[in-house]
Amino acid sequence: HKHVAAMPDTHWGNGTSVGAVIATKGAIVPAAVGVDIGCGMMAVKTTLRGEQLPDTLSHVRGLIEAAVPHGRTDNGGKNDRGAWHSPPEGVINRATRLVSRYAKIIDKHPKADHWAWERHLGTLGTGNHFIELCLDENDNVWVMLHSGSRGVGNRIGSYFIDKAKEEMERYFIGDLLPDKNLSYLVEHTELFDDYVEAVGWAQDYAVENRKAMMEATLGALRKANLPAFTVTDMAVNCHHNYVEKENHFGANVWVTRKGAVRAREGDLGIIPGSMGAKSYIVRGLGNRESFCSCSHGAGRVMSRGEAKRRISLEDHAKAMVGIEARLDADIIDESPAAYKDIDRVMDAQSDLVEIVHTLRQVANVKG
């Protein structure tokens, strides 16, 4: 519908480039949505002040890492340190609210099931997912985090991507597509409706995942011998990998944002930089040409493999001076040099958003 919008952090992605906004009529391309369904950001402002934080935040980082499972071991099996072995009551309550809808989806599509979906709720994952403590321009302390629907979203996304490819073959369309990952599901078919239901559930799961992690992180901070604090009314929880029905250029269409944030006039969003660069709380300007969207971050300039080859531990340590964070070899692919300059990305989208707050991180937790 109309055109494809590319955000200023656009870079290569599987299915479609990351940082693409695609509006379609009568169909959805599951690979354009991707497998990290509902991935997004959450940030809350607290009443804590920067001067109230201790000189070293290693203890605080340790408490957060203990409160939120992160990373991945045992190939995601029963001993995976990035999942709950026994989910806490708050996580169980959130899972209970999701279970009936999930059961309905899996009853029709058992191969989309993920055995650890309850154990992953309230966990961080790996890659570019993170939890950070940040200070804004007025020295207020914020908590910010980035994660999505974890293994269950990946399973749902992968399953329906394969189903879309099967549909193209069934209708003898597959060979006409320039790329198999452009295979689509047609609106008003049962499979399309099932995908919309499943992807909607995964997006809701991602929201609950971020809320659960935020709750655990704030709980960890309250155990850190910091002054008593509360959370203010400034909070944002937004997707940047998702699909939703919206109206653009006079038509109701399916808008797929893969690595992009909705930025209608007045919408609040979050645009993070790398683990060593500033991040932004933004307000949308409602730019029609972007389908009311903005970037979801800085965007990569190096693949993960290239970053590991080119960036040294010494380079990484220099880039992270003043930030409490991991400095080991396993985190090199997330080092700041692997990402674009966030200031240039922000300059390139001054017609899409206005900056509300500028945040600089003082502590970072990675999976």
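Criteria and cut-off values
- Residues numbered from 1 in each chain as written.
- Predicted model: local features only at pLDDT ≥ 70, side-chain atom pairs only at ≥ 80, totals over all residues.
- Heavy atoms only, no water.
- Helix = DSSP H or I, 4+ residues; strand = E, 2+ residues; numbered from the N terminus.
- Rg over C-alpha atoms; globule rule 2.2 N^0.38 Å.
- Buried < 20%, exposed > 50% of the residue type's maximum accessible area, 1.4 Å probe, protein only.
- Areas by Shrake-Rupley, 256 points an atom, 1.4 Å probe, with all protein chains shown as cover.
- Lys, Arg positive; Asp, Glu negative; His and termini not counted.
- Charge placed at Lys NZ, Arg CZ, Asp CG, Glu CD.
- Phe/Tyr/Trp six-rings, centres within 6.5 Å; stacked < 30°, edge-to-face > 60°.
- Lys NZ or Arg CZ within 6 Å of the ring centre and 35° of its normal.
- Axes fitted to C-alpha atoms, helices over the stretch in contact; angles between N-to-C directions.
- Parallel < 35°, antiparallel > 145°, perpendicular 65-115°, else oblique.
- Left-handed = near helix turned anticlockwise from the far one by under 90°.
- Contact = heavy atoms within 4.5 Å.
- Nonpolar A, V, L, I, M, F, W, Y, C, P; charged D, E, K, R; others polar.
- Pairing = 2+ DSSP bridges.
- Disulfide = S-S within 2.5 Å.
- Arc of directions from axis to C-beta.
- Core = buried A, V, L, I, M, F, W, Y, C linked by side-chain atoms within 4.5 Å.

Enquirer: Got a sec to walk through the overall build of the protein chain? Specific residues and values, please.
Expert: Broken down by element type, the protein chain carries nine helices and 15 strands. A compact globule built from 367 residues would reach a C-alpha radius of gyration of about 21 Å, and the protein chain, at 20 Å, matches this within 12%. Taken over the C-alpha atoms alone, the protein chain extends approximately 65 × 45 × 45 Å along its principal axes. By the burial criterion, 56% of the 367 residues in the protein chain qualify as buried. Surface exposure of the protein chain reaches about 15,900 Å², of which carbon and sulfur atoms provide 49%. Each charge class in the protein chain was averaged separately, 44 positive and 48 negative side chains, and the resulting centres sit 2 Å apart.

Enquirer: A description of the packing of aromatic side chains should follow, citing residues and the corresponding values.
Expert: Enumeration according to the criterion identifies nine aromatic pairs in this entry. Between tyrosine 159 and phenylalanine 160, the aromatic rings sit 5.0 Å apart at their centres with planes inclined by 90°, giving edge-to-face as the arrangement. For the pair tyrosine 159 and phenylalanine 160, a shared accessibility class is recorded, and that class is buried. Members of the aromatic cluster, each reached through a chain of ring pairs, are Tyr102, Trp117, Trp201 and Tyr205. Its guanidinium or amino end placed over the ring of phenylalanine 229, arginine 222 lies 4.5 Å from that ring's centre, counting from NZ or CZ. When the ring centre of tyrosine 339 is taken as reference, the NZ or CZ atom of arginine 300 above it lies at 5.0 Å.

Enquirer: Give a description of the packing of helix H5 (residues 150–170) against helix H6 (residues 190–222) that names residues and reports values.
Expert: As a packed pair, H5 and H6 sit with axes 10 Å apart at the nearest point and diverge in direction by 160°. It follows from the interaxial angle that H5 and H6 lie roughly antiparallel. Judged by the sense of rotation from one axis to the other, the crossing of H5 with H6 is left-handed. Facing Arg150, Val152, Gly153, Ile156, Phe160, Lys163 and Glu167 of H5, the residues of H6 in contact are Leu191, Asp194, Tyr195, Ala198, Trp201, Ala202, Tyr205 and Asn209. Taken together, the residues of the contact of H5 with H6 sort by class into nine nonpolar, two polar and four charged.

Enquirer: Can you break down the pairing of strand S6 (residues 140–147) residue by residue, with the values?
Expert: Within S6, eight of the eight residues are buried, which leaves it mostly tucked inside the rest of the structure. Going residue by residue along S6, you find Asn140, Trp142, Met144 and His146 tucked away on one face and Val141, Val143, Leu145 and Ser147 tucked away on the opposite face as well. Pairing analysis gives seven bridges linking strand S4 (residues 40–49) to S6, with the strands arranged antiparallel. Within S6, the residue paired with lysine 45 across the bridge is tryptophan 142. Relative to S6, strand S5 (residues 130–135) is paired through six bridges, and the arrangement is antiparallel. In the strand pairing of S6, isoleucine 131 is matched with leucine 145. Between S5 and the antiparallel strand that follows it, S6, lie four residues; aspartate 139 among them carries a positive phi value of about 70°.

Enquirer: How would you summarise the state of the cysteines if you had to cite specific residues and measurements?
Expert: Note on terminology: a disulfide is the covalent bond linking the sulfur atoms of two cysteines. Considering all chains together, one arrives at zero disulfides under this definition. Unpaired in this structure, cysteine 39 has its nearest cysteine sulfur neighbour in cysteine 238, at a distance of 10 Å.

Enquirer: Outline the side chain of threonine 217, listing residues and values.
Expert: With respect to the helices, strands and loops of the structure, threonine 217 is situated in helix H6. Those residues within four positions of threonine 217 in sequence are excluded, and the remaining contacts are Ile64, Val68, Ile131 and Val143.

Enquirer: Could you give an account of the sheet that holds S4, with specific residues and numbers?
Expert: In space, the seven strands of this open sheet follow the order S8-S4-S6-S5-S15-S13-S12, with antiparallel pairing throughout. Strands with a single pairing partner mark the edges of an open sheet, and in this sheet they are strand S8 (231–239) and strand S12 (268–271). Averaged over all pairs of adjacent strands, the angle between their axes in this sheet comes to 30°, without regard to strand direction. The strands that H6 touches are S4, S5, S6 and S8; relative to S6, the one it contacts most, it runs at about 140°.

Enquirer: Got a sec to walk through helix H2 (residues 58–67)? Specific residues and values, please.
Expert: Turning to H2, its buried residues are Val60, Arg61 and Ile64. The arc enclosing the buried residues of H2, seen along the axis, measures out at 100°, which places them on a common side. In this structure, the buried residues of H2 make contact with S5, H6 and strand S15 (353–366).

Enquirer: Describe the nonpolar core, and please don't skip the residues or the numbers.
Expert: Met144, Ile270 and Val353 are the most contacted members of the largest nonpolar core, which has 39 residues in total. Non-local contacts of methionine 144, meaning those with residues more than four positions away in its chain, are made with Met41, Met42, Ala43, Phe130, Ile131, Glu132, Cys134, Ile270, Ser279 and Leu359. Core analysis: the second largest hydrophobic core is formed by 29 residues, Ala95, Leu98, Tyr195 and Ala198 among them.

That is the geometry; function is a separate question.
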